[in-house]
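Each chain, letter by letter, is given below.
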Amino acid sequence: MTEKTSPSSPPYARNILLLLIGLSLFRFVALYISPLNLFGDEAQYWSWSREFDFGYFSKPPMIAWLIGSTTRLFGHAEWAVRLSSSLLHPLTAYVLFRTGKFLFDARTGFWAGAIYFLMPAVWLSSAIVSTDVALLFFWALALNAWAHLRADKDMKWALLLGLAIGFGMLSKYAMLFFIFGLVLCLVFDKQTRQAIASKNGLIVAIITLLVLAPNLYWNVNHNFSTLTHTAENAGLGGRFFHPAEFAEFWVGQLGVYGPVTLIMMLAAVAFVLKFKPNKTALCLAIFTLCPLVIISVEAILSHANANWAVSAYIGGTLLLAHIATSKWPRTLRYAVGINAALGAILAIVSLSPNLTNTLGVANSVKRMRGWPQTQSIIANIAKQGHDENAFIAIATDNRLAFYDLLYYGIEQETRLPLRMWMNSTQILHHAHATAPLVASQVSDGPILIVNHFQD
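Summary of the structure given here.

Each value, and the rule that gives it
Residues numbered from 1 in each chain as written. Predicted model: local features only at pLDDT ≥ 70, side-chain atom pairs only at ≥ 80, totals over all residues. Heavy atoms only, no water. Helix = DSSP H or I, 4+ residues; strand = E, 2+ residues; numbered from the N terminus. Rg over C-alpha atoms; globule rule 2.2 N^0.38 Å. Buried < 20%, exposed > 50% of the residue type's maximum accessible area, 1.4 Å probe, protein only. Contact = heavy atoms within 4.5 Å. Areas by Shrake-Rupley, 256 points an atom, 1.4 Å probe, with all protein chains shown as cover. Lys, Arg positive; Asp, Glu negative; His and termini not counted. Charge placed at Lys NZ, Arg CZ, Asp CG, Glu CD. Patch = residues over 30% accessible without salt bridge, like charges linked within 9 Å, V, L, I, M, F, W, Y side chains within 5 Å. Salt bridge = Lys/Arg side-chain N within 4 Å of Asp/Glu carboxyl O. Pairing = 2+ DSSP bridges. Axes fitted to C-alpha atoms, helices over the stretch in contact; angles between N-to-C directions. Parallel < 35°, antiparallel > 145°, perpendicular 65-115°, else oblique. Left-handed = near helix turned anticlockwise from the far one by under 90°. Nonpolar A, V, L, I, M, F, W, Y, C, P; charged D, E, K, R; others polar. Core = buried A, V, L, I, M, F, W, Y, C linked by side-chain atoms within 4.5 Å. Phe/Tyr/Trp six-rings, centres within 6.5 Å; stacked < 30°, edge-to-face > 60°.

Here we come to the overall build of the protein chain. When helices and strands are counted, the protein chain shows 23 helices and four strands. The C-alpha atoms of the protein chain give a radius of gyration of 24 Å, which matches the 23 Å a tight globule of 455 residues would have. In terms of overall dimensions, the protein chain has C-alpha extents of about 80 × 50 × 45 Å along its principal axes. Buried residues in the protein chain amount to 51% of all 455 residues. Taking as baseline every contact in the protein chain between residues at least 6 positions apart, the subset at least 24 positions apart corresponds to 76%. Roughly 20,600 Å² of accessible area belongs to the protein chain as shown, and the carbon and sulfur atoms make up 65% of that amount. Side chains of the protein chain carry 31 positive and 23 negative charges; the gap between the two charge centres is 17 Å.

Laid out in structure tokens, this is it:
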């Protein structure tokens, strides 16, 4: 595809690099000086990262591999555990720039990269470590490979597409939504059909399965724990109508993508579905709608977290940039500016515990505060036991507390094993599977119980 340029066109490639490098430096510094402790899920991923494997109890292995890579290079401080997020997000934005430039023009590519990099969810997830970050990178890479493959049937794009889908699946099984979108594009788009319904499609399938095979083998040998947990997470059962959950999910999307950009993106999707300006835009609408529709159905049938449909905003961002740059350019600038301001405020507030208290938003970060002090208090209590009254273990009834205590060194300081109180007959998470407090241990001696109260 040819790029539309003129001698007076802004240097979009330089501008996107300046934005990505400049804002990334700010986020790196903010990450390094952040006072926020690891959230329990982050601490759990860190614990997985200490032992390489092809799968873990509730998630595929990519998150542990990324944390293991950064912590082996930089140590185990909170910022090093979270570093991969700040590294991957600018790469994802740059892939979007390249994809938008290839499909449409450099201006579309610039705005696609800028919209993504400044969306509220990216501001937030740059300061934590989560499975969504790698998923979004590989989804963007897969979309780039699809765009090139439908225009150029070169085998290298089939290889890239297979690798991107495979590693996306190793990041989060929500990468399946991309496959659903690809199948629908086969139906509605001749170029996609010609590209995939050939030997290249076979190559994509083989590469995807080869990349995913070790994780599938791990699941076979672990009673399909990751796949089972993912299915159970859907929570389908009981009453099949939850309008409040549906409404909460969509209100959450305003915070994920941005209040104005979300409305504009939905308007862009509606415009494409109504007027069908070109097949490329139609396919981007399909890739956008697949996660949104599936998770919306999930929300109304059971429940859905706001981030479960975040992959929709890769194709949605490209589509918004394509439509808005020609139809609503001024509104687009204002919308992205609002996201930038909201993100900057979020970053600044999160760096100041006093400011979060003053503004009355301390509740939003309370689970990421005070864990070193909590660990120290519990350790001092554990050390009070001596002789025949000495504790033989520490046990907690909460998964998140278990992993935060583990990360902040309760076992090293007390030289006591940390155990998970089995308050269920089922193994519900990794701590249940690897460190259960079994009945025989209870009779061996006194155990310090750390009970977690919800407020």
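Moving on to the environment of Arg14. Residue placement: Arg14 occurs in helix α1 (residues 12-33). Residue classification places Arg14 among the exposed positions, given a relative accessible area of 52%. Considered as a pair, Arg14 and Thr92 are 78 residues apart in the sequence and their alpha carbons are 16 Å apart.

In this section: a positive patch on the surface. A contiguous patch of positive charge, built from Lys190, Arg193, Lys276 and Lys279, is present on the exposed surface. Secondary-structure assignment places Lys190 in helix α10 (residues 190-196). Taking the relative accessible area as the measure of exposure, Lys190 reaches 53% and is therefore exposed.

Turning to the pairing of strand β2 (residues 418-421), a few remarks are in order. Only one face of β2 is buried, namely the one carrying Leu418 and Met420, since none of Arg419 and Trp421 on the opposite face is buried. In the sheet, strand β1 (residues 393-396) pairs with β2 via three bridges, with the strands oriented parallel. Directly across from Ala395, in β2, lies its bridge partner Arg419. Inspection of the sheet shows β2 paired to strand β3 (residues 436-437) by two bridges, in the parallel sense.

With that out of the way, let us pick up the pattern of salt bridges. By the definition in use, this model includes five salt bridges. Between Arg399 and Asp41 there is a salt bridge, and its shortest N-O distance comes to 2.8 Å. Of this pair, Arg399 sits in helix α20 (residues 399-407) while Asp41 sits in helix α2 (residues 40-49); the two residues are 358 residues apart in sequence, bridging distant segments of the chain. Since its relative accessible area comes to 23%, Arg399 is described here as partly exposed. The partner of Glu42 in a salt bridge is Arg82, and the shortest N-O contact between them spans 2.8 Å.

With that out of the way, let us pick up the side chain of His429. Relative to the assigned elements, His429 resides in the loop between β2 and α22 (430-434). Using a relative accessible area of 11% as the deciding quantity, one classes His429 as buried. When sequence neighbours within four positions are dropped, the list of residues in contact with His429 reads Phe57, Arg399 and Met420.

The axes of two packed helices give the description: the angle between them and the distance between them. It is at 10 Å that the axes of helix α14 (residues 259-275) and helix α15 (residues 279-301) come closest, and there the two elements cross at 125 degrees. For the element pair α14 / α15, the angle class is oblique. For the element pair α14 and α15, the recorded crossing hand is left-handed. Where α14 approaches α15, its residues Met265, Val269, Val272 and Leu273 are matched on the opposing element by Ala281, Leu282, Ala285, Thr288, Leu289 and Leu292. Looking at the contact of α14 with α15 residue by residue, the class counts come to nine nonpolar, one polar and no charged.

On to unusual backbone geometry, then. In this structure, Phe224 is a non-glycine residue whose phi angle is positive, near 55 degrees. Of note, Phe224 is situated in the loop between α11 (199-221) and α12 (225-233).

As summarised here, the arrangement of the four strands in space is β3-β2-β1-β4, forming an open sheet in which the pairing is parallel. The open sheet has two free edges, formed respectively by β3 and β4 (447-450), since each of these has just one partner strand. Taken strand by strand, α20 contacts β1 and β2, and its axis lies near 175 degrees from that of β2.

Quick look at the nonpolar core now. Within the largest apolar cluster, 101 residues are counted, with the highest numbers of intra-cluster contacts made by Trp146, Leu161, Phe178, Tyr313 and Leu319. The element that contributes the greatest number of residues to this core is helix α7 (residues 131-151), accounting for 15 residues. Once residues within four sequence positions are removed from consideration, Phe178 is found in contact with Trp139, Ala142, Leu143, Leu161, Ile165 and Phe287. Counting 31 residues, the second-largest nonpolar core is a separate cluster that includes Ala64, Ile67, Phe402 and Leu418.

Now for the packing of aromatic side chains. All told, the structure shown has 23 aromatic pairs when counted by the stated rule. A centroid spacing of 6.4 Å and a plane angle of 40 degrees characterise the contact between Phe177 and Phe180, whose relative ring orientation is tilted. Remark: Phe180 and Phe177 occur in helix α9 (residues 176-188); sequence separation between them is three residues, near one turn of the helix. Phe180 gets classed as partly exposed once you look at its relative accessible area, which sits at 40%. Taking 5.0 Å as the distance between ring centres and 80 degrees as the angle between the ring planes, the aromatic pair formed by Phe402 and Tyr403 counts as edge-to-face. This pair shows no difference in class: Phe402 is buried, exactly as Tyr403 is. Each residue in the set Trp139, Trp146, Phe178 and Phe287 is aromatic and connected to the rest through ring pairs, giving one cluster.

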